[in-house]
Amino acid sequence: MTEYRPQELDKKWQDVWTATRAFEVDIDSSRPKFYCLEMFAYPSGHAHVGHVRNYIIGDICARMKRMRGYNVLHPFGWDAFGLPAENAAIKTGTHPEVSTFDNIRHMKGQLQRLGISYAWGREIATCLPEYYKFNQWIFLKMFERGLAYRKRSTVNWCPVDNTVLANEQVVDGACWRCGTIVEQRSLEQWFFKITAYADELLAGLDTLSEWPEKVVVMQRNWIGRSEGARLKFPVADAAGVAIEVFTTRIDTIYGATFVLLAPEHALVDRFASESADPGAFNERIAKFRALDKEARRAGDIDKEGFDTGRKARNPFTGEDVPIWVANFVLAEYGTGAIMAVPAHDERDFAFARKYGLPIRIVVRSAETPATAAELTDASVSYGTLVDSGEYSGASAPAVMERMIADAARRGLGTGEVQYRLKDWGISRQRYWGTPIPIIHCEKDGVVGVPYEQLPVELPRVAQFTGRGDSPLAHVAEFVNVTCPKCGGPARRETDTMDTFVDSSWYFLRFADPHNTRLPFSKEAGAYWMPVDFYSGGVEHAILHLLYSRFFTRILRDVGLITFDEPFKRLLTQGMVLKDGNVMSKSKGNVVDPDTMLQKYGADALRLYVMFVAPPEKEVEWNDAGLEGSFRFLVRVWRIVDHWAELVGVGAAPDRAGVLKTMDCSDAERALRRKTHDTIRRATVDIEERMHLNTAVSSLMELVNELYAFSERTPHGIPARGQAAAASVERAQTRAVVGEALDALVVMLSPFAPHTAEELWQMLGHAGGLTTAAWPAFDAEVAKADEVVVPVQINGKVRARLTVPAASTDDELRALALADTTVMTHVANKKVLKVLVGKGPLVSVVIQ
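Note that the structure is a prediction, hence the values are computed from the model and not measured. (Residues numbered from 1 in each chain as written. Predicted model: local features only at pLDDT ≥ 70, side-chain atom pairs only at ≥ 80, totals over all residues. Heavy atoms only, no water.)

Trainee: How should I be thinking about the overall build of the chain in this particular structure?
Mentor: Helix and strand counts for the chain stand at 28 helices and 34 strands. In terms of overall dimensions, the chain has C-alpha extents of about 110 × 90 × 50 Å along its principal axes. In the chain, buried positions account for 56% of the 847 residues. Here the contacts in the chain between residues at least 6 apart in sequence split such that 72% fall between residues at least 24 apart. Accessible surface computed for the chain: about 35400 Å², of which carbon and sulfur atoms make up 50%. In the chain, the 99 positive side-chain charges and the 108 negative ones have mean positions that sit 1 Å from each other. (Helix = DSSP H or I, 4+ residues; strand = E, 2+ residues; numbered from the N terminus. Buried < 20%, exposed > 50% of the residue type's maximum accessible area, 1.4 Å probe, protein only. Contact = heavy atoms within 4.5 Å. Areas by Shrake-Rupley, 256 points an atom, 1.4 Å probe, with all protein chains shown as cover. Lys, Arg positive; Asp, Glu negative; His and termini not counted. Charge placed at Lys NZ, Arg CZ, Asp CG, Glu CD.)

Trainee: I'm lost on empty space enclosed by the protein in this one. Help?
Mentor: One pass over the full model with this rule turns up three cavities of 30 Å³ or more. Approximately 160 Å³ is the volume attributed to the largest cavity. Elements with a minimum of two residues in the lining of the largest cavity: strand E6 (163-165) and strand E25 (496-497). Broken down by element, the residue count for the lining of the largest cavity peaks at three residues, all from E6. Across the lining of the largest cavity, the residue classes tally to six nonpolar, six polar and four charged. Estimates place the volume of the second largest cavity at around 70 Å³. In this structure, the second largest cavity is lined by Phe-23, Arg-63, Arg-66, Met-67, Ser-749, Pro-753, Glu-757, Leu-769 and Thr-770. Looking at the lining of the second largest cavity, the elements with two or more residues in it are helix H2 (49-67) and helix H25 (753-762). A breakdown of the residues in the lining of the second largest cavity according to their chemical character gives four nonpolar, two polar and three charged. (1 Å grid on protein atoms, 1.4 Å probe; cavity = no way out; pocket = protein on both sides within 12 Å on 5 of 7 lines; lining within 4 Å. Points joined across faces, edges and corners; volume = space filled by probe spheres on them. Nonpolar A, V, L, I, M, F, W, Y, C, P; charged D, E, K, R; others polar.)

Trainee: Looking at this structure, how should I read the side chain of Gln-14?
Mentor: Assignment of secondary structure puts Gln-14 in helix H1 (residues 6-20). A distance of 3.3 Å separates a polar atom in the side chain of Gln-14 from the backbone oxygen of Gln-112. When neighbours within four sequence positions are excluded, Gln-14 is seen to be in contact with Gln-112, Arg-113, Leu-114, Gly-115 and His-754. (Polar contact = N/O pair within 3.5 Å; in protein donor to acceptor, adjacent residues only side chain to side chain.)

Trainee: Teacher, can you tell me more about the pairing of strand E5 (residues 148-158) here?
Mentor: Look at any regular strand and the pattern is simple: side chains alternate between the two faces of the sheet. Relative to strand E9 (residues 183-192), E5 runs antiparallel, the two sharing ten bridges. Note on E9: the bridge partner recorded for Thr-154 is Ser-186. Note: E5 against E6, three bridges, orientation antiparallel. Paired with Asn-156 across the strands is Leu-165, a residue of E6. In sequence, E5 turns back onto E6 through a hairpin of four residues, with Asn-162 there showing a positive phi of about 55°. (Pairing = 2+ DSSP bridges.)

Trainee: Even after reading the chapter, I still don't get unusual backbone geometry, so can you show me in this structure?
Mentor: Residues apart from glycine generally show negative phi values, whereas peptide bonds are mostly found in trans. Omega for the bond connecting Ala-396 with Pro-397 falls within 30 degrees of zero, at 10°, which places this linkage in the cis form. Here Pro-397 lies in the loop between strand E17 (384-385) and helix H12 (400-409). Look at the link from Met-529 to Pro-530: it is a cis peptide, with omega at 0°. Position of Pro-530 relative to the elements: it lies in the loop between helix H15 (522-528) and strand E26 (531-536). Even without glycine at this site, Asp-579 takes up a positive phi of about 60°. Mapped onto the fold, Asp-579 is located in the loop between strand E28 (576-578) and strand E29 (581-582). Taking relative accessible area as the criterion, Asp-579 reaches 60% and is therefore assigned exposed.

Trainee: Can you help me understand the pattern of salt bridges in this one?
Mentor: Proximity of charged atoms lets side chains of opposite charge pair with each other. Tallying each qualifying case throughout the model produces 49 salt bridges. Measuring nitrogen to oxygen at the nearest pair gives 2.5 Å for the salt bridge that ties Asp-685 to Arg-689. In this pair, Asp-685 and Arg-689 are both assigned in helix H21 (residues 666-689), four residues apart and thus about one turn of the helix distant. Overall, the relative accessible area of 5% leaves Asp-685 in the buried class. Three or more residues are tied together by salt bridges with common partners; here these are Glu-200, Arg-549, Arg-553, Arg-556, Asp-557, Asp-564 and Glu-565. (Salt bridge = Lys/Arg side-chain N within 4 Å of Asp/Glu carboxyl O.)

Trainee: Even after reading the chapter, I still don't get helix H16 (residues 544-558), so can you show me in this structure?
Mentor: A turn of α-helix holds 3.6 residues, and therefore any two residues three or four places apart point the same way. Between its first and last C-alpha atoms H16 spans 21 Å; for 15 residues at 1.5 Å apiece the expected length is 21 Å, and the two agree. Across the 15 residues that make up H16, a large majority, 13, are buried. Just beyond H16, the residue with positive phi is Gly-559, at close to 105°. (Expected span 1.5 Å × (residues − 1).)

Trainee: Sorry, what's going on with the confidence of the model for the chain here?
Mentor: The predicted coordinates should not be examined in detail at positions where pLDDT is low. Residue-level pLDDT values for the chain average 92, and 96% of them are 70 or greater. Scored below 50 in pLDDT, residues 718-727 shows 19 contacts in the model against residues more than four places distant or in partner chains. (pLDDT = per-residue confidence, 0-100.)

Trainee: How should I be thinking about the packing of aromatic side chains in this particular structure?
Mentor: Centre distance and the angle of the planes are the two values used to describe a pair of aromatic rings. This model, assessed by the stated rule, comprises 44 aromatic pairs. When the centroid spacing of 5.4 Å and the interplanar angle of 70° are considered together, the rings of Phe-139 and Trp-190 count as edge-to-face. Note that Phe-139 is positioned in helix H5 (residues 129-144) and Trp-190 in strand E9, a separation of 51 residues in sequence. In this structure Trp-190 comes out as buried when scored by relative accessible area, which is 1%. By the ring-pair criterion, three or more aromatic residues cluster together here, those being Phe-139, Phe-143, Trp-190, Phe-192, Tyr-197, Trp-424, Phe-500, Tyr-547, Phe-550 and Phe-551. (Phe/Tyr/Trp six-rings, centres within 6.5 Å; stacked < 30°, edge-to-face > 60°.)

Trainee: What am I meant to see in the sheet that holds strand E24 (residues 489-492) here?
Mentor: Where strands meet in a sheet, backbone hydrogen bonds hold them as pairs that are either parallel or antiparallel. With respect to topology, four strands assemble into an open sheet ordered E22-E21-E24-E23, the strand pairing being antiparallel. Strand pairing shows two members of the sheet lacking a second neighbour, strand E22 (445-448) and strand E23 (480-482), which therefore form its edges. Taken over all neighbouring pairs, the strand axes of this sheet differ in orientation by 40° on average, direction set aside. Sheet topology places E23 next to E24; three bridges connect them, and they run antiparallel. Among the inter-strand pairings, Asn-480 is bridged to a residue of E24, identified as Arg-491. (Axes fitted to C-alpha atoms, helices over the stretch in contact; angles between N-to-C directions.)

Trainee: Just checking my understanding: could you explain the environment of His-514 for this structure?
Mentor: Within the secondary structure, His-514 sits in the loop between helix H14 (506-509) and H15. Accessibility expressed as a relative area gives 59% for His-514, which makes it exposed. Along the chain, His-514 and Gly-121 lie 393 residues apart, while their C-alpha atoms are 9.7 Å from each other. Ignoring any residue separated from it by four or fewer positions in sequence, one finds His-514 in contact with Gly-121 and Arg-509. Side-chain polar atoms of His-514 contact the backbone oxygen of Gly-121, separated by 3.0 Å.

Trainee: So what exactly am I meant to see when it comes to the sheet that holds strand E19 (residues 424-425) here?
Mentor: The strand order across the open sheet formed by four strands is E6-E5-E9-E19, and the pairing between neighbours is antiparallel. Each edge of the open sheet carries a strand with a single partner, namely E6 and E19.

Now the structure itself:
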């Protein structure tokens, strides 16, 4: 027997695939396409096994789909701009461009050594001018449509990374990347008007039937659509000044007994300056503003407030109500002010009880007590309006439309739809990103760079200080330009784009990566898109995935594509843990795939990370499990090697004809049944369910069956080189074993491609597995002769029957009642029903 040397096989077949360009594809309208994509990588230097799990999942899908006859696009690239490279430059003096491309070379080598079937001819890196040129092209298209705009705003500022963060990049009040508590600053910033697509992004979620429900829910909540009314509460003793509130419960307006302002509300500073003791007022405001915003947002703070001493008029009752400042009200939500209805809102109720503020019941439901004093919690249900003027006796929510119309007619407010989603701030005060293609001219104002002058390339910057203003502002030859409109002196925009812009459309660039005129051609976009299978981390649910859906609609409206959603099917893979924690360099628990490749080869590593758990579940790394996968591959190698000369293509030329005769022994029929049942199970597990671990389990069962069958043959497992006629006389045996081994090797190939290619060659097949077809199963052959049927008595399994697979329901009922165990349990009892369910399952109901 030849020895299994996986490292030699890895290099051999990787060289073959590279030389033959095995995974490169072009548009082919005669074949169905399949676009398989994993979220591209940030080139941080070294990939650990936690990273590569995602790539292996995608590779299995891509390899299987090729065998199923699809024209498969499976590309890869690099999310190569970003803060880590620039921070490293500040620390070490290594230019971001140098470190980035060094890291790309290393990580690319790791992926190639894993045998991932990427179309490397389509490789992209977002830091290359030929890519970010089209970031700028898209920006200008949005600028022309009013979807890219500039304004001064309060922004999230990371004091360590020295840059602005989008709301989605603030996690628990801290920078999503470095974990530093975020500050608030007022800056002139560029924004993308994602809110213009809020309704469409929300409605589109209903079409994403092949996305994880948790991701859909996260996006739905982040967009946060609310229908209600914007109402004006005039401020007493301040002519023309009103506090605007947004409410989804206008039916409770008669119970609004005070108004709450966010500490950041525009009127708060005015009230402070007009107060009797501005110093004390400002001290209390500063205390509230210093609280962690995420904790305030989540309500994880002691709810506190103070009376401003001012009053506002309830627009429906005409009553003057106190204006308070509350630490749990946020300026960025709604209007930054709320009408407090303590009888019918939990937070308002707790606040009113704490500070002794009035509570008035105005909506009565079945559980509402007679008086406000009897309330132990807010009564939040809809019901009948009481003590609500002309609306008393009406039912909510039916009355709300009428109340909103009346408010509009009387000038008290308007109906409105609001969103939690805010426009996307894309300005970054850093170097290593896409320059924003804008020129500032004193005469012509804000001017877009002409398309023919794209890309606006990053200048070479030698020194990185990490100061708050953009490094580009210090490069005079970059900043000082001529206005393209008037020809006068002007200056370039020195902010760069958020790197999430790079990843918001890269999947489209893969369709046509060498196009120099457009981001991609209409023909390429129409053929390859949308992505059929997309995999990556759930942490991108409200960042990359939402932005990508937004950009797809922008490019649709520009006219490059005609569809709405970029990703048809989404899988969010689970993390790989080591010692109970997610792998990271900081925790010192990283498993380097290079070490595993040197010891076990690529296929054992690939097989292990797929077998140990379903793709969407977390995995606890275990070296012993990797050793087990290696041993399994050795078993496969041995069984194929032992049979190859006897059952290979040359040794059994009329396999199909022999199998058609069906002149098989019981053992041969059992092996055929197992082969075809395994094909059925593996096909469904990989292609439909993405249960890759159970697909591997079914292959292991088939290998066990092959060994058992081989030991039952008259001559045992034949020795390599032994004459076929002397070892296995029956043509049926050779045909059945050959069919099983061919199917096994093909089904193994997505998981262990290097080993499978060599075994395929050993079995006498030419052309390699990259052009082989996935095996088809015969449902009749796969059907078992006998099945095991559980028998329940009053819901508890009491017996199991081994019966012919073709048994009818009546036969199953009779067999169940005739079983001795069942007879014991039903003795002296009345049998009410005997039901046959799916599975099958027999259920006996007794009294």
